[in-house]
Amino acid sequence: MSAMTNDDVARLVYLLLLLVLVGGAVFSYRNRLSVAVKHALVWVALFVVILVGYTYRTTLLSFAGPVLSELSPGRPFEVTDAEGVRSLVLTRAANGHFTLIGRVDNVEVNFLVDTGATSTVLTFRDAERVGLEPDKLRFDRQVQTANGIAREAMVRVDRLEVGHFALRNHRIGIAEAGKLPVNLLGLDVLNRFARWNVEGDRLILTPDL
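Draft legend 1. The arrangement of the nonpolar core in detail. Core analysis: the biggest nonpolar cluster contains 30 residues, and Leu-100, Val-113, Leu-132, Leu-160, Val-162, Leu-185 and Leu-205 have the highest contact counts within it. Of all the elements in the fold, those that place two or more residues in this core are strand E2 (86-91), strand E3 (99-104), strand E4 (107-113), helix H4 (124-130), strand E7 (148-162), strand E8 (165-175), helix H5 (187-190) and strand E11 (202-206). In terms of residue count, E7 provides more of this core than any other element does, 5 residues in total. Once residues lying within four places of it in the same chain are set aside, the contact partners of Leu-160 are Arg-103, Val-104, Thr-120, Phe-165, Ala-166, Leu-167, His-170, Ile-172, Leu-185 and Val-189.

What follows is the structure, encoded as structure tokens:
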């Protein structure tokens, strides 16, 4: 007779534990068959709910995502399709624009998604908050804004994050003090996604295909 392997020992321990568990359950429900049946049905129903939820998780997320977005405006929610492709989805704000909560060097920053902007630009105040020390920069680059010509300085940030998507050592602009009311997320970031498109009131960003 051959010696037992580690797998055999593990299997034997598993079977003994299962026997103890089942035996304990049967013993605890002796003379209470109706209660045992009710509890068993509850566990079966719970298992079915979990199984159905997992099977239709993509559909459920598509419904839950907009609700979560309303509770936390500007925060992208993630959806995974049947092929396993993950996308970030933003819902349009009440003012008709897409706003997004991203992170620059681990600091949360509110952006206005601007498909007409070539580059991503931070306001002077938020650049200070991130720690980019804009007061020490040279604002020597002219840019056209909705309020006319303005100047900005170009810097590199270690990390710019949109949901789970991240750009490292990315070049962005910083506006002069008081010249830009909101941070802009431009095409330099959007075009780094594998695909981005607008469907009704949703902006869909797909990092990978």
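Back to the text.
Draft legend 2. Structural detail: the sheet that holds E11. Taken together, the 4 strands give an open sheet; going across it, the order is E1-E2-E11-E10, and neighbouring strands pair in antiparallel fashion. Either end of the sheet is taken by a strand with one partner, and the two such strands are strand E1 (77-80) and strand E10 (195-199). Taking the axes of each pair of neighbouring strands and ignoring which way they run, one obtains an average angle of 25° across the sheet. For E1 and E2, the ladder comprises 4 bridges, and the chain directions are antiparallel. Residue pairing across strands places Val-79 opposite Ser-87, the latter belonging to E2.

Draft legend 3. View of the layout of surface pockets. Within this model, the second largest pocket holds a volume of roughly 190 Å³. Lining of the second largest pocket is provided by 13 residues; of these, Val-79, Ser-87, Val-89, Arg-202 and Ile-204 occupy positions nearest its centre. Secondary structure elements with two or more residues in the lining of the second largest pocket: E1, E2, E10 and E11. Taken together, the residues of the lining of the second largest pocket break down into 4 nonpolar, 5 polar and 4 charged.

Draft legend 4. Up close: the pairing of E2. Most of E2 sits inside the fold, with 5 of its 6 residues counted as buried. Connecting the antiparallel pair E1 and E2 is a turn made up of 5 residues, with Gly-84 showing a positive phi of about 85°. As defined by bridge partners, E2 adjoins E11 across 4 bridges and the pair is classed as antiparallel. Counterpart to Leu-88 in the pairing with E11 is Leu-205.

Draft legend 5. Focus on the pairing of E11. Within E11, 4 of the 5 residues are buried, which leaves the element mostly enclosed by the surrounding structure. Pairing of E10 with E11, which is carried by 5 bridges, proceeds in the antiparallel orientation. In the strand pairing of E11, Asn-197 is matched with Ile-204. What sits between E10 and E11 in their antiparallel hairpin is a turn of 2 residues, with Gly-200 showing a positive phi close to 65°.

Draft legend 6. Focus on the side chain of His-170. Relative to the helices and strands, His-170 resides in strand E8. Residues in contact with His-170, not counting those within four places in the same chain, are Val-155, Arg-156, Val-157, Leu-160, Asp-188, Val-189 and Arg-192.

Each value, and the rule that gives it
- Residues numbered from 1 in each chain as written.
- Predicted model: local features only at pLDDT ≥ 70, side-chain atom pairs only at ≥ 80, totals over all residues.
- Heavy atoms only, no water.
- Core = buried A, V, L, I, M, F, W, Y, C linked by side-chain atoms within 4.5 Å.
- Buried < 20%, exposed > 50% of the residue type's maximum accessible area, 1.4 Å probe, protein only.
- Helix = DSSP H or I, 4+ residues; strand = E, 2+ residues; numbered from the N terminus.
- Contact = heavy atoms within 4.5 Å.
- Pairing = 2+ DSSP bridges.
- Axes fitted to C-alpha atoms, helices over the stretch in contact; angles between N-to-C directions.
- 1 Å grid on protein atoms, 1.4 Å probe; cavity = no way out; pocket = protein on both sides within 12 Å on 5 of 7 lines; lining within 4 Å.
- Points joined across faces, edges and corners; volume = space filled by probe spheres on them.
- Nonpolar A, V, L, I, M, F, W, Y, C, P; charged D, E, K, R; others polar.

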